[in-house]
Amino acid sequence: MIGELIKINPGDLPSRRNKPKKPPFFRRTWVRVALLLMVAFGLVGYFGLKAYLKPFIEKAATFDMNQVTILEQSSIVVDRAGKEIGRIANENRVTIPYKDMPRHLVDALVAAEDGRFWTHKGIDYKGVARAMKDNIMASRITQGASTITQQLARQTYGLFEKTKERKVLEMMVARRIEETYDKEQIMEHYLNRIFFGKGFYGIEAAAQGYFSKPARELTKG
């Protein structure tokens, strides 16, 4: 038996080198099919989303961006000595420039409302994705992921309807605001516009009403 084995020609033994080689990973049929399907779904999704957004983009294009800067202010009544004795207005508001808004107040607002305000273009896509995940987990709407720019769009143009369509339009209008104004202007218009409760509109009226001092004198404490 051993002798017969010794007589076997090594060339007659099966060789690993003679086994058919597997094709490279990216040349395998199932991989190619999977990649093609991914590309197809991606293209369908892209063009589908583009078609869905088109009417909202067109609607947003009709909004007058000058409205962002138009704010009703109080008419201040003074006595002969120039001392304020009253105000006449539907909205108690006094507008101030961005330079008079305390930086620590702006930083606190950004931290609480829109952490990526200085870098996004009106829509915080990471925030939207996070809100979608949290809403799905909670089986209800718990977060809206509105940026400061979106809130400005909502307040300026009265976009208060609680629908998906209104939310998408708000996003498209926010993009236009970002294309029209720089970040400091957006923050200025936002803080001059929003309602702070008890009849105070804008940060200056709120500072005077709550603390009896102008906004520029507000401190961290």
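Use the structure listed above.
A brief report on the enclosed structure follows.

Cut-offs used in this document
- Residues numbered from 1 in each chain as written.
- Predicted model: local features only at pLDDT ≥ 70, side-chain atom pairs only at ≥ 80, totals over all residues.
- Heavy atoms only, no water.
- Helix = DSSP H or I, 4+ residues; strand = E, 2+ residues; numbered from the N terminus.
- Buried < 20%, exposed > 50% of the residue type's maximum accessible area, 1.4 Å probe, protein only.
- Contact = heavy atoms within 4.5 Å.
- Axes fitted to C-alpha atoms, helices over the stretch in contact; angles between N-to-C directions.
- Parallel < 35°, antiparallel > 145°, perpendicular 65-115°, else oblique.
- Left-handed = near helix turned anticlockwise from the far one by under 90°.
- Nonpolar A, V, L, I, M, F, W, Y, C, P; charged D, E, K, R; others polar.
- Salt bridge = Lys/Arg side-chain N within 4 Å of Asp/Glu carboxyl O.
- Phe/Tyr/Trp six-rings, centres within 6.5 Å; stacked < 30°, edge-to-face > 60°.
- Lys NZ or Arg CZ within 6 Å of the ring centre and 35° of its normal.

### As for the overall build of the protein chain
Part 1 of the reasoning: Across its full length, the protein chain holds eight helices and four strands.
Part 2 of the reasoning: Counting from the amino terminus, helix and strand elements in the protein chain follow one another as α-α-β-β-β-α-α-α-α-α-β-α.
Part 3 of the reasoning: Considering the protein chain as a whole, with its 221 residues, one finds that 33% of them fall into the buried category.
Part 4 of the reasoning: Across the protein chain, every contact between residues at least 6 apart in sequence was considered, and the portion connecting residues at least 24 apart equals 56%.

### Observations regarding the packing of helix α2 (residues 29-60) against helix α6 (residues 164-180)
Part 1 of the reasoning: At a minimum axis separation of 9 Å, α2 and α6 run at an interaxial angle of 55 degrees. Here α2 lies oblique to α6, going by the angle between them. Between α2 and α6 lies a crossing whose hand is right-handed. Contacts from Y52, L53, F56, I57, K59 and A60 in α2 reach K164, E165, V168, L169, M172, V173 and R176 in α6.
Part 2 of the reasoning: By residue class, the composition of the contact of α2 with α6 is nine nonpolar, no polar and four charged.

### Here we look at the pattern of salt bridges
Part 1 of the reasoning: Scanning all chains against the criterion turns up seven salt bridges.
Part 2 of the reasoning: Connected via shared salt-bridge partners are R154, R166, K167 and E170.

### What to know about the packing of helix α5 (residues 148-157) against α6
Part 1 of the reasoning: Packing of α5 against α6 brings their axes to within 8 Å, and their N-to-C directions diverge by 105 degrees. Between α5 and α6, the angle is such that the two are roughly perpendicular. When α5 is examined against α6, the residues T149, Q150, L152, A153, R154 and Y157 are found in contact with a partner set consisting of R166, K167, E170, M171, V173, A174, I177 and E178.
Part 2 of the reasoning: When the residues that make up the contact of α5 with α6 are grouped by side-chain class, the tally is seven nonpolar, two polar and five charged.

### Details of the side chain of E170
Part 1 of the reasoning: For E170, the position within the fold is in helix α6.
Part 2 of the reasoning: On the basis of relative accessible area, E170 is assigned to the buried category, the value being 0%.
Part 3 of the reasoning: When neighbours within four sequence positions are excluded, E170 is seen to be in contact with S146, Q150, A153, R154 and L159.

### Focus: the side chain of K183
Part 1 of the reasoning: Take K183: it is sitting in helix α7 (residues 183-193).
Part 2 of the reasoning: According to the relative accessible area criterion, K183 is buried, its value standing at 15%.
Part 3 of the reasoning: Beyond its immediate sequence surroundings of up to four residues, K183 is in contact with F117, W118, T119, H120 and E178.

### Here's the deal with the packing of aromatic side chains
Part 1 of the reasoning: For the structure on display, the rule yields six aromatic pairs.
Part 2 of the reasoning: For the ring pair Y52 and F56, a centre distance of 5.3 Å and an interplane angle of 50 degrees mean the geometry is tilted. Remark: F56 and Y52 occur in helix α2; sequence separation between them is four residues, near one turn of the helix.
Part 3 of the reasoning: Assessed through its relative accessible area of 34%, Y52 is described here as partly exposed.
Part 4 of the reasoning: Chaining the aromatic ring pairs together yields one cluster made of F200, Y210 and F211.
Part 5 of the reasoning: Stacked on the ring of F117, the Lys or Arg K183 has its end atom at 4.5 Å from the ring centre.

### Looking at the environment of K121
Part 1 of the reasoning: With respect to the helices and strands, the residue K121 is situated in the loop between α3 (103-113) and α4 (125-138).
Part 2 of the reasoning: K121 gets classed as exposed once you look at its relative accessible area, which sits at 65%.
Part 3 of the reasoning: Separated by 58 residues in the primary sequence, K121 and E179 have C-alpha atoms spaced 8.0 Å apart.
Part 4 of the reasoning: Residues within four places of K121 in sequence aside, it is in contact with A174, R175 and E178.

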